[in-house]
Structures are given as structure tokens and as C-alpha cells.
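Tertiary structure, described
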Amino acid sequence: MTRIESVRLRQILDSRGNTTVEADILTESGGFGRAAAPSGASTGEYEAIELDTSEAIASAREHAVPRLEGAVYVGDQRDVDRTLRAADGTDNFSEIGANSAVAISMAAAKAAADVLGAPLYQHLGGAFRGDNYPIPLGNVIGGGEHAADATAIQEFLSAPVGAPSVQDAVFANAAVHSEVADILAERGVPSAKGDEGAWAPSIDDDDAFEVMDEAVSTVSDEFGFEIRFGLDVAAAEMYDADADEYQYRDRTRSTDEQIEYIADLVDEYDLAYVEDPLDENDYEGFAKLTDKVGEKTLVCGDDLFVTNVERLSEGIEKGAGNSILIKPNQIGTLSDAFDAVELAVENGYDPVISHRSGETEDTTIAHLAVATDAPFIKTGTVGGERTAKLNELIRIEQNVSRL
Ligand SMILES: C=C(OP(=O)(O)O)C(=O)O
Ligand SMILES: [Mg+2]
């Protein structure tokens, strides 16, 4: 394998119009990889640190780039990522920024794939990866931190669990997105879109459940396969620690009431997926809910686990959740993200590979989902930065990805 010759870092725009870090890696043999960091809005308290873009770039240039150039073999992803951690010297990438770290880590993987002449998922997943493809969870109605004056629950996600192919699943989610628009129009509800391209109408959650139920059932009949739906409650954003209650638009719920509420929703709407139904510190609440509904649905930890093996280990010990969201920028490197997937799978937790609300055209997570055999990917429904990943999945399924 060939060594890294140069690492170039620059500022580009993300989908919110904020700056983010893009990394280019060139190898001594002429291989090339380019990747960009995404960015969250409803970020977890325990995530690796995203620095201001120019600070992250300046610090990575000073501390990480000299250790990588001419020194590290690009195909040795663990060494690339160890070098990033050593250059940073903290637990949470607060020195060089998780935004610089993840862009470099992903760019190195792409450069290695380029040198091998293999698609990225093949390099990351290996020759005996199997040929399963993830079901895309598509955000079609949303609010929370992603849109003002919309639903309290952050994401209502179409889940085409019966789709015969990735392509059918992607098209079904787009059809649900469009059906939601029609239903809202019939009800005389105007709607703009939130950060991820989901509709962000000024309706309460009860109405959103009705709209989703109708939309997935109509599209399911049309497409001829099962489509359910799920939620990202992003409950840490609505939890008031002082009052110990969850704040909805026009009412509050205690932790026990929140658990009952979510369990009832799982039953009433046959929810396929529930992400962050409780606060990011509430392992016990997650465990209680998992006890109640874990046989029927995925109870996924995003802000709870932050793609971190230590937090996931605690969750496994306590029986909190049965699924983990995997966001490489929450932890800073691909190696750490792979470790989290591995620990999850060993313990019967389903990994769900995920985008962030602020995204770029980068398609690494599509390859990561296929490489790790993840059963689900959450990467939006419409909008260029979302369809970049979805269309890449379609290409991967057809074995025509050139990355
Ligand atoms: C994608 C999400 O949003 P953000 O990137 O804002 O954390 C999420 O909470 O799952
Ligand atoms: Mg989330």
C-alpha cells in the first residue's frame, strides 16, 4: 500500500449554508480521496467536538498533517485514525476538531479505495462482506431543532420495510414525501421544508401521526409492499432537567408519562423505529421502554450513545435500547465508527448509519452502510445533499459505483 503524500484542507459550504471542512488526500502512487464533514443541529452533549471551521483547519494543519504526510500508509485505516487521535491528544477531538478528523479519516479511506481500484464499500467491507443493502429511513415531516414552529417530535420517518430493493425503497420514501404534501394541501396547511428537506408544517404531533399513517398506507398500496413509519423524538432537546419533564407544544410529560406515551404510539401506529425517545442521560428510561416495546420495534440511541463504544457498553449492560445510530462525525474517525458497529452487532443491537442535518454531497455513509451490512440507513428523502447518498446506494446495489 502507498503512503499519504499530501493532505489538503479547505472550507466549503454545507446544506445550511454554513462552512465545513473538506479534506483531499493524495497518495505517493497518485491515489486520490476527497471527503467533507457534516454537522448536527440537535447535537448530543457527549459528541466529539466540532470546532469553528477555520480553527479546525488551522489546528489540523499544525498538529495532524505533518504526522500523516510521507508517514502513514493510506490503506491502514486504523493507523490513519490512531495518528489523528495522537495528533489531537484529547478524548473528544477538541484540539483539531472532529470536523477536521472525520474529513481526513474518510478522505484517507477513499484514497485507499482509489489506489485499490475498488469501490469504497468494498475496501471498507472486504471481499466477504455479503450483499445486503440497508433500508433507508426517510424523514418526511419534521420539526424540533430542524425547523421553527413545526412538530415537537423532530422527525417522522418513512420506513419501507418490505421494499424488494434499495431503489424501490428510495422511490417509495420520495412518494411518501409527495403524498404528505398532498394531504397537507387537502387540509389547507401550508408548509415549508426543514433542514433535512422534510415538510415542516405548523401542526401538532397528533396531526402529524394521522398524516403519516394515511401517507404510508396510500403509498404502500400503490407500491405493493409494506411501508411503516418511525420517529426521531430527539427527546434530549425537549427535556427540562430542572423540572424533570418533557416539553411538548401545549403540554408536558413526566419521564413515566413519556415512556407510556411512546409505548402507546408504538402500539397504535405499529412504529418500526423510535430514536431518542428519552433524554441522553436516561439509560434507565431507555431500558424500561426497551422492556416494554423492544420486541416490536427498534429503540435507537443517538444522543444517548453518540457512536461511542463506552456509552454503548453502558447501554448494553443496562438493557437500554436495541439499536444504535452511527454518525462518524459524532466520534471523529471511521475506525471508531466501525468499532461501535461491531460492538452493537455482537450484542444484538441494530446499527443505523446516519447523516447529519447539515450535510454535503459526500456519499461516504452510503458506502459505510453497505460495508458494515447495516440493516438501516437514515439519510433523508429529497434535496441534493440527501439524494447524493440515496442515489449512490442505488448505484452500489447495481454494482456500478465508481467511488
Ligand atoms: C440527524 C439528526 O439531526 P442532527 O444532525 O441535527 O443531530 C438526528 O438527530 O438524528
Ligand atoms: Mg437523532
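Here the structure is a predicted model, which means the values were calculated and not measured. Per chain, the residues get numbers from 1 upward, laid out in the order the sequence is written. Here chains are named by letter from A upward and ligands by number from 1 upward, in the order in which they appear as written. At least 70 in pLDDT is required for a residue's local features to be given in this predicted model, at least 80 for side-chain atom pairs to be given and counted, and no such filter applies to totals for whole chains, interfaces and linings, which use all residues. In computing side-chain values, all of the structure's heavy atoms are included and hydrogens and water are not.

**Quick look at the overall build of the chain**
Worth spelling out the cut-off: Numbering of helices and strands starts at the N terminus; helices are DSSP runs of H or I of at least 4 residues and strands are runs of E of at least 2. Only protein chains enter the accessibility calculation, which uses a 1.4 Å probe; a residue is then buried when its area is under 20% of its type maximum, exposed when over 50%, and partly exposed in between. What makes two residues a contact is simply this: any of their non-hydrogen atoms within 4.5 Å. Areas reported here follow the Shrake-Rupley algorithm with a probe of radius 1.4 Å; residue values treat only the protein chains shown as occluding. Only four residue types enter the charge count: Lys and Arg as positive, Asp and Glu as negative, with His and the chain ends excluded. Note that the charge is assigned to NZ on lysines, CZ on arginines, CG on aspartates and CD on glutamates.
In terms of helices and strands, the chain carries 14 helices and 14 strands. In terms of principal-axis extent, the alpha carbons of the chain reach across some 60 × 45 × 40 Å. Here the chain holds 403 residues, and 60% of them are scored as buried. Long-range contacts, defined as pairs at least 24 residues apart, comprise 70% of the intrachain contacts of the chain with a sequence gap of at least 6. Of the roughly 15,000 Å² of accessible surface on the chain, 43% is carried by carbon and sulfur atoms. Charge-centre separation for the chain: the mean point of 30 positive side chains lies 6 Å from the mean point of 78 negative side chains.

**Comments concerning the UniProt feature "binding site: Mg(2+)" (unreviewed entry) in the chain**
The condition that has to hold: UniProt positions are given in the numbering used here, feature names are shortened, and annotations may be inferred rather than shown by experiment. A 1.4 Å probe that fits but cannot get out identifies a cavity on a 1 Å grid over protein atoms alone, an open set with protein on both sides within 12 Å along at least five of seven lines counts as a pocket, and a residue lines either if it has an atom within 4 Å of a point. Think of a polar contact as two N or O atoms within 3.5 Å of one another; within protein, one of them needs to be a possible hydrogen donor and the other a possible acceptor, and neighboring residues in sequence only count if both atoms come from side chains.
Mapped onto this numbering, the UniProt entry gives "binding site: Mg(2+)" (unreviewed entry) at Asp232, Glu275 and Asp302. Across 71 residues, the annotated set stays spatially compact, with a maximum C-alpha separation of 9.0 Å. In the annotation above, Asp302 are the residues that line the second largest cavity. Among the residues examined, Glu275 registers a relative accessible area of 0% and is labelled buried. Once you skip the residues sitting within four places of it in the chain, Glu275 turns out to touch Leu231, Asp232, Val233, Ala234, Cys300, Asp302, Leu325 and Lys378. For Glu275, the side chain forms a polar contact with the side chain of Tyr273, separated by 2.7 Å.

**Here's the deal with the coordination of the magnesium ion (ligand 2)**
To be explicit about the condition: Donor atoms: N, O and S within 2.8 Å of the metal, or within 3.2 Å for Na, K and Ca. Because water is excluded, sites can look incomplete.
The protein atoms donating to the magnesium ion (ligand 2) are Asp232 (OD), Glu275 (OE) and Asp302 (OD), with metal-donor distances spanning 2.0 to 2.2 Å. Along the chain, the residues donating to the magnesium ion (ligand 2) fall in the pattern D-x42-E-x26-D. Of the two residues, Glu275 sits in strand S10 (residues 273-275) while Asp302 sits in the loop between strand S11 (298-301) and helix H10 (309-318), which places them 27 residues apart along the sequence.

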